[in-house]
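In case you want the letters, here they are:
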Amino acid sequence: MVIRIGKATDNDFVANDSHVSRYHARLTRDEKGNLFIEDTESTNGTFVNGDRVIKKKITPSDIVTLGNNYTLNISEVLKSDNDYSEEFAALKPVYENYIKEKIRIQSSNQFKTRLLQSLPFAVIGILGLMISVIGKHNQGVFIGSLIIAVCAPTLGIYLGARQSAKIPALLQNLSNQFKINYVCPKCGTFLGEIPWESLANKKKCSLSTCRAKWVKK
């Protein structure tokens, strides 16, 4: 990768400043992914963290200055090469957290649904034990137990159905947020529910008008 930097409009990255030379410097990346800034015989020099350099290995956090006061934003310069690898890497936890939360919502609510549906039958079993201990001849206990035995299953079915009905809404809210976050960092196209690793194997956005580089070659 070679990105030409300077004031002239035919550079890869145009730095419009009076103290920047027409062809001031170039940013390169070697096969190991290391970045280098190289001065190309500029009039006012190239500086890294205040020191004038001819060629120096840098990171995006270094302060690179062209001429007297033009601060070069390395991340922005890399965008001129369509490099969105750092932003794409940040999508990996977005996908992983989405899958984990989706599984949690489904399993948690299914457990609550089954619990609410089965609880009334446990109550009926307890009542049956009470009747066997107290005796069938206690009319008040017997009638009360009979009413609960009839109503409890109905109540359990209702509560279970109500809990189950919450799942689609929770999943929809999760999906809506996922569609906002899991997008191409350049063009904003939703990437679907395709695993991050599968997208990384493609190395770049498939949209012909974008083609953002997701992975450094």
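This text follows the structure it describes.
It should be emphasised that the depicted structure is a prediction, and the values quoted were computed from it without experimental measurement.

Asks: Tell me about the sheet that holds strand β5 (residues 46-48), and please be specific about residues and values.
Replies: Overall, antiparallel pairing links the four strands, which are arranged β6-β5-β8-β9 in an open sheet. The strands lining the two open edges of the sheet, one partner per strand, are β6 (51-53) and β9 (70-72). Geometrically, the sheet is characterised by an average inter-axis angle of 35° between neighbouring strands, direction not taken into account. Judged from the three bridges that link them, strand β8 (residues 64-66) and β9 form a sheet pairing that is antiparallel. In the strand pairing of β9, Leu-66 is matched with Tyr-70.

Asks: Quick one: what's the story with the sheet that holds strand β1 (residues 2-6), residue by residue and with numbers?
Replies: On the basis of which strands lie adjacent, the open sheet formed by five strands has the order β2-β1-β3-β4-β7 and mixed pairing. At either margin of the open sheet sits one strand with a lone partner, and together these are β2 (13-14) and β7 (55-58). Relative to β2, β1 is paired through two bridges, and the arrangement is parallel. From the neighbouring strand, Gly-6 faces β2, where its bridge partner is Val-14.

Asks: Before we move on, could you go through unusual backbone geometry and cite the residues and values that matter?
Replies: Backbone geometry places Glu-41, a non-glycine residue, at a positive phi of 55°. Mapped onto the elements, Glu-41 comes out in the loop between β4 (35-39) and β5. For Glu-41, a relative accessible area of 78% puts it in the exposed group. Positive phi, close to 55°, is recorded for Arg-211, a residue that is not glycine. Within the secondary structure, Arg-211 is located in the segment after α6 (196-202). Classification of Arg-211 by relative accessible area gives partly exposed; the value is 34%.

Rules used throughout
Residue numbers restart at each chain and count upward from 1, following the sequence in its written direction. It should be noted that, the model being predicted, local features are given only for residues of pLDDT at least 70 and side-chain atom pairs only at 80 or more, the latter also being counted only at that level, while totals for whole chains, interfaces and linings use all residues. The side-chain values count all of the structure's non-hydrogen atoms but skip hydrogen atoms and water molecules. Strands are treated as partners if at least two bridges between them are detected by DSSP. Working definition: helices are DSSP H or I runs of at least four residues, strands are E runs of at least two. Numbering for both runs from the N terminus. All axes are obtained by fitting lines to C-alpha atoms, using only the stretch in contact for helices, and the reported angles, taken between N-to-C directions, cover 0 to 180 degrees. Type-normalised accessible area, obtained with a 1.4 Å probe on protein chains alone, sets the label of each residue: buried when under 20%, exposed when over 50%, and partly exposed for intermediate values.

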